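Examining the three-dimensional arrangement
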Amino acid sequence: MPKEPEISLAEKTFVLEALKQNLRVDGRNIHSFRDIQFSFGDDYGFVDVRLGKTRVLARISAEIIRPRPDRPFEGTFTISTEMGPMASPSFEVGRPTDLDNTLSRLLEKSIRRSTALDLESLCIVTAQRVWSLRADLHFLSHDGNLIDTACIATITALAHFRLPVVTVSGEDITIHPVTERVPVPLSLLHWPICVTFSFFGEDDDGEMVCVLDATAQEEALREGDMTVTVNKNGEVCQISKSGGVAVEAETLMKCARKAAEKVKGIDKLIASALRGDEIARNKGNLDWLKEGRSENER
Amino acid sequence: MEGLRNDGRRWNELRRIHCQLSTSSTNADGSSYIEQGFTKVLCNVTGPAEPSSRQKVKQDAATVTCEVYFAAFSGTDRIKRGRNDKKVQELQTAIQKTFASVILTHLFSRSEITISIHILSQDGGTLAACINATTLALIDAGIPLKDYVCACTSGQSTSIFDNEGSTPDPWLDVNYLEESDIPSLTVATVGETEKIVALSMENKVRIEMLEGMIAVGISGCAKVKGIMDAEVRRYGKTRLEAATGE
Amino acid sequence: MPPPTPLSPPELSYLYASLSLSPPIRLDLRTPTQFRPLVAECSFLPHCNGSARVCMSEAGECIVGIKAEIEKDATTKYVTVIEREKWIEVSVEVAGGGASGPGSGMGIGGISGAGGATGRDEGDGGAAVWLKEGLLAGGAGGWSILDRLVISSGWHWKLYIDVLLLTPTSHPSPLLLSTAVNMALDSTYLPKLTSPHDVDDIPTFSDDWAISVPLYEPKTFPRPPMSLPVVAVGDNVFLDPSVAEVAAAEAGLVVTLSLSDAQGNCDIVGVRSMEVGRGGGKEGDRKGINRKLLRQMVNACVKEAGEVIKGVGETTHQQMFRA
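Everything quoted here is computed from the prediction, not taken from an experiment.

Some thoughts on the side chain of Ser31 of chain B
Residue and element names in this part refer to chain B. Along the polypeptide, Ser31 turns up in strand S2 (residues 30-36). Within the structure, the side chain of Ser31 is placed 3.1 Å from the backbone nitrogen of Thr23, a separation counted as a polar contact. Residues contacting Ser31, with those up to four places away along its chain left out, are Gln20, Leu21, Ser22, Thr23, Ser24, Cys43, Asn44, Ala137 and Asp140.

Details of the interface of chain C and chain B
The interface of chain C with chain B comprises 35 residues on the first partner and 32 residues on the second. When chain C packs against chain B, the two sides together hide about 2700 Å² of surface, and 62% of this comes from carbon and sulfur. Run the count over chain C and chain B and you get two salt bridges. Residues Glu89 of chain C and Arg78 of chain B are paired through a salt bridge, measuring 3.7 Å at the closest nitrogen-oxygen approach. Linking chain C to chain B there are seven residue pairs in polar contact (both at pLDDT 80 or more). Counting residues per element, the side of chain C that touches chain B draws most heavily on strand S3 (residues 60-72) of chain C, at seven residues.

A short note on the UniProt feature "domain: Exoribonuclease phosphorolytic" (unreviewed entry) in chain A
Residues and elements named next belong to chain A. The sites that UniProt annotates as "domain: Exoribonuclease phosphorolytic" (unreviewed entry) are residues 33-164 and 192-261. With 23% helix and 36% strand, the stretch residues 33-164 has end C-alpha atoms that lie 35 Å from each other. Split by type, residues 192-261 is 27% helix and 51% strand. Its first and last C-alpha atoms lie 13 Å apart.

Here we look at the pattern of salt bridges
Tallying each qualifying case throughout the model produces 46 salt bridges over all chains. Between Arg81 of chain B and Asp85 of chain B there is a salt bridge; the shortest N-O distance is 3.7 Å. Salt bridges sharing partners connect three or more residues here, namely Arg26, Asp28, Arg30, Arg36, Asp240 and Glu245 of chain C.

Concerning the sheet that holds S2 of chain B
Strand pairing in a sheet is mediated by backbone hydrogen bonds. Such pairs are either parallel or antiparallel. Residue and element names in this part refer to chain B. Within the open sheet, the five strands sit side by side as S1-S2-S3-S5-S4. Their pairing is mixed. Of all the strands in the sheet, the pair left with one neighbour each is strand S1 (17-21) and strand S4 (63-70). The average angle at which neighbouring strand axes cross in this sheet is 15 degrees, direction not considered. For S1 and S2, the ladder comprises five bridges, and the chain directions are antiparallel. Bridge assignment links Ile17 to a residue of S2, and that residue is Gln36. Strands in contact with helix H1 (residues 86-100) are S4 and strand S5 (112-121); relative to S4, the strand with the most contacts, it is inclined by about 145 degrees.

Considerations on the confidence of the model for chain B
Close inspection of predicted coordinates is inappropriate for parts of the model with low pLDDT. Looking at chain B as a whole, its pLDDT mean stands at 89, while 95% of the residues score no less than 70. We note a pTM of 0.87 for the whole complex and an ipTM of 0.87 for its interfaces.

A word on the packing of helix H2 (residues 98-113) of chain A against H1 of chain B
Where H2 of chain A contacts H1 of chain B, the axes come no closer than 11 Å and their chain directions differ by 120 degrees. Handedness of the H2 of chain A/H1 of chain B crossing: left-handed. Here Asp98, Asn101, Thr102, Arg105 and Lys109 of chain A of H2 of chain A come into contact with H1 of chain B, specifically with Gln89, Glu90, Thr93, Gln96 and Lys97 of chain B. For the contact of H2 of chain A with H1 of chain B, the per-class residue count stands at no nonpolar, five polar and five charged.

Side note on a negative patch on the surface
Taken together, the side chains of Glu202, Glu248 and Glu250 of chain A together with Glu194 of chain B define an acidic patch exposed on the protein surface. Along the chain, the position of Glu202 of chain A falls in strand S11 (residues 193-202).

Quick look at empty space enclosed by the protein
Residues and elements named next belong to chain C. Counted according to the given criterion, the structure contains six cavities of 30 Å³ or more. The computed volume of the second largest cavity comes to approximately 80 Å³. What lines the second largest cavity is simply Trp130, Leu131, Gly134, Leu135, Ser178, Val181, Asn182, Leu185, Pro225, Met226, Ser227 and Thr256. Among the elements of the structure, helix H3 (127-136), helix H5 (174-186) and strand S9 (226-233) are those that each provide at least two residues to the lining of the second largest cavity.

Regarding unusual backbone geometry
With an omega of -5 degrees, the peptide bond running from Gly47 of chain B to Pro48 of chain B counts as cis. Across the junction of Ser22 of chain C and Pro23 of chain C, the peptide omega takes the value 5 degrees, indicating a cis bond. Mapped onto the fold, Pro23 of chain C is located in the loop between helix H1 (9-19) and strand S1 (38-42). Even without glycine at this site, Ala127 of chain A takes up a positive phi of about 65 degrees. Along the chain, Ala127 of chain A turns up in the loop between strand S5 (123-125) and strand S6 (129-141). The exposure class assigned to Ala127 of chain A is partly exposed, which follows from its relative accessible area of 40%.

Describing the side chain of Arg34 of chain A
All names here are of chain A. When you line up the elements, Arg34 lands in the loop between helix H1 (9-20) and strand S1 (36-40). At 3.3 Å, the side chain of Arg34 and the backbone oxygen of Gly144 are in polar contact. Those residues in contact with Arg34 that sit more than four places away from it in its chain are Arg28, Leu51, Gly52, Lys53, Thr54, Asp143, Gly144, Asn145, Asp213, Ala214 and Thr215.

Comments concerning the pairing of strand S3 (residues 39-49) of chain B
All names here are of chain B. Counting buried residues in S3 gives nine out of eleven residues, a clear majority hidden from the surface. Looking at chain direction, S3 and S5 are connected through eight bridges and run antiparallel. Bridge pairing links Asn44 to Ser116 in S5.

Some details on the packing of helix H3 (residues 146-160) of chain A against helix H5 (residues 249-282) of chain A
Residue and element names in this part refer to chain A. Contact geometry of H3 with H5 gives a least axis separation of 11 Å together with a crossing angle of 40 degrees. With respect to H5, the axis of H3 lies oblique. At the point where H3 passes H5, the crossing takes the right-handed sense. Contacts from Ile152, Thr156, Ala159 and His160 of H3 reach H5 at Ile266, Ile270, Leu274, Asp277 and Arg281.

Observations concerning the environment of Gly252 of chain C
Residue and element names in this part refer to chain C. By the element assignment, Gly252 lies in strand S11 (residues 251-259). When the C-alpha positions of Gly252 and Arg272 are compared, they lie 8.7 Å apart, and in sequence the two are 20 residues distant. Other than its neighbours up to four places away in sequence, Gly252 contacts Val230, Val231, Arg272, Ser273, Met274, Val276 and Met297.

Points about the sheet that holds strand S12 (residues 266-273) of chain C
All names here are of chain C. If you walk across this open sheet you meet the four strands as S10-S9-S11-S12, and the pairing is antiparallel. A strand with exactly one partner marks an edge of an open sheet, and here the two such strands are strand S10 (236-239) and S12. Each neighbouring strand pair of the sheet contributes to a mean axis angle of 30 degrees, computed without reference to strand direction. As defined by bridge partners, S11 adjoins S12 across seven bridges and the pair is classed as antiparallel. Counted as the bridge partner of Val254 is Arg272 from S12. Across the sheet, helix H7 (residues 291-319) touches S9, S10, S11 and S12, and the angle it forms with S11 is around 40 degrees.

Parameters at a glance
- Residues numbered from 1 in each chain as written.
- Chains lettered and ligands numbered in written order.
- Predicted model: local features only at pLDDT ≥ 70, side-chain atom pairs only at ≥ 80, totals over all residues.
- Heavy atoms only, no water.
- Helix = DSSP H or I, 4+ residues; strand = E, 2+ residues; numbered from the N terminus.
- Polar contact = N/O pair within 3.5 Å; in protein donor to acceptor, adjacent residues only side chain to side chain.
- Contact = heavy atoms within 4.5 Å.
- Buried area = accessible area lost by both parts, 1.4 Å probe.
- Salt bridge = Lys/Arg side-chain N within 4 Å of Asp/Glu carboxyl O.
- UniProt positions renumbered as here; feature names shortened; annotations may be inferred.
- Pairing = 2+ DSSP bridges.
- Axes fitted to C-alpha atoms, helices over the stretch in contact; angles between N-to-C directions.
- pLDDT = per-residue confidence, 0-100.
- Left-handed = near helix turned anticlockwise from the far one by under 90°.
- Nonpolar A, V, L, I, M, F, W, Y, C, P; charged D, E, K, R; others polar.
- Patch = residues over 30% accessible without salt bridge, like charges linked within 9 Å, V, L, I, M, F, W, Y side chains within 5 Å.
- Areas by Shrake-Rupley, 256 points an atom, 1.4 Å probe, with all protein chains shown as cover.
- Lys, Arg positive; Asp, Glu negative; His and termini not counted.
- Charge placed at Lys NZ, Arg CZ, Asp CG, Glu CD.
- 1 Å grid on protein atoms, 1.4 Å probe; cavity = no way out; pocket = protein on both sides within 12 Å on 5 of 7 lines; lining within 4 Å.
- Points joined across faces, edges and corners; volume = space filled by probe spheres on them.
- Buried < 20%, exposed > 50% of the residue type's maximum accessible area, 1.4 Å probe, protein only.
- Parallel < 35°, antiparallel > 145°, perpendicular 65-115°, else oblique.

As structure tokens, then:
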């Protein structure tokens, strides 16, 4: 498995010294994210998120299956992440690295365990037919902070996705194509967003340097990291800090509050991107709007 | 009864902790056994030794590997977990990363330190018990550490309010029933510095409650450290007396 | 595969000579029928119906946990023997827990016994298989442990016996394993049935552990089995052989016995041959076991085993959570 090239001593010293003075190599503030850009596909549930040079693609697909016997009222939702050499030459298909495991674990905890998606709303016929959703994440480019990007991509894709309308009459289930009935959005209870902090030791004032949205270069040099998942309602969905430099509780709390603040901004960004896409879709095609009504004939 | 939890403890009381060093009769370099309430964890440490595979050789530091085994009989249901079980891998990564930063790995380049943990009984606070057991086993093996790593859990009950209608104090050291009921977190500190080396929370909680939970967790870690340190000193004294014949 | 020994040829030959003397001299000066001390405790796992932990100096540590779950019978009318045998599942997990030999570094053994009933795995030496066989062997008057697992019509207990071995040698010691399983079984309690016996619905049980039913009724026989290894060197027979003695021995057996009455008499439940090192001799030196020696070995076991098993049983009863 090819390893990442080691960072040279000169580069390392430069970056760390700059951080001690709260300066970053790309000129950003230590607490600011890179520009987040969204690009939606023609299908619902397909979104490409860019955070600087980091790029993650998320796609949501749905199929109807039999529910689990111990949970007959719930649909299922799985997230699949697989890192390949496209993202970075050090990733190999089929050989999950630490980052792979950490990422899938964090997404699992942030999105699935915090019940962002209401699984009961995916039920069609109790104990017989439910929707099974699947989020496939593709990592197209790795320049640091894959975790936050992947989470934003997944949440945006879920918010973007539309489920076909299903009508049940007795034993028969009819799935209506999009031309017949307007598909409905998923029932998302909240939007959990991951924010990862990287720790670099103490700066000139004696405080721990906590950097948001680290690039790949900064990630290779960091001494520790912590991922906090918050939603815009101020609920912390998960926190994970495994090892790395030991940090004061005060600093961690400051980071958590910062995360909550940032998430409000990111939430607005996602909402406006979705709105923009909605408008773009409906532009110049008002007939489609008239056709796709979910009312019955009177 | 007012103010008592389901096992009769108050909000800031730890469960009974019993720990032992050098429990293993096998060739492990260091071993320990810890009981926190009914959570029982056994830990064996081997190393520094030759790495088991070429990939694990690091030129400037030792590699820390962790393996966790859940006994099939450890929980209320009998479950046999494979090596690829998510929960197993989660625990392994968390412990490996925590100790990779606390062990003085730069002293043993090109070698491997293996931590092998057996969970015999689960009753809440599994990650915390594993971290504590690992610290003791590393001390027993004589592997140099920056300081003790002590871990403890704390939970916030959100449905019970006291007389003034404000949220009650967070509960220290939650057991299995409490863990399934209320949001809880595990925090691990280094020595007496109160600096956090590991923090893990998997439930939803309002950010205002977080500070309280972390503070209670840290105070619990300090208590755990006291207990572990007392046992290490007691054991050290017995060994010293046996060796010098006094 | 015989257990690997770090003994050199001169050491093996010395040991062989010392053990074939008359009277023989064992390296640790034990008598030929003396067992080594062991540390044992039971009923210490709260989630298990029965548990035990045994430590022997050379063989390592073994922890056994027994859990019982209710299961519906496969067919309500007539349950075949093969299906009944599935009511007990034994699984042995070997974890090195430390360096297991020179140059192997980590020595974390593989998890074995995954196909517990089939014993396909090499790692545990087929331990799961013979442990289960010993249990299933019937007692006097057609007694079988499987009868104790019947709850009501159509329902039975499924017993999971999980053995965790933390052992330095690559070959698990039968004495260690079977002592631990014996103690765990002896201290296993099943909840008392409160619903009627002949009804087909899901049975209900009492929450009160004070009236729970022991798997093996106290003071009834046969008791759970125990396997004793025995080796022969020359004309001498030795019980509880150490790893070095097994390397120097010419023949080895593992005899599984169970107490059949209060006086300490035992029934032989099974006999297996054990791989021995034959003093590091050449292929041509292997002569096989002669019949007289075989009888001697088995008799030695039967004579001494009674006391050993009774002793283990008494320890178990002292430590159990209730009398």
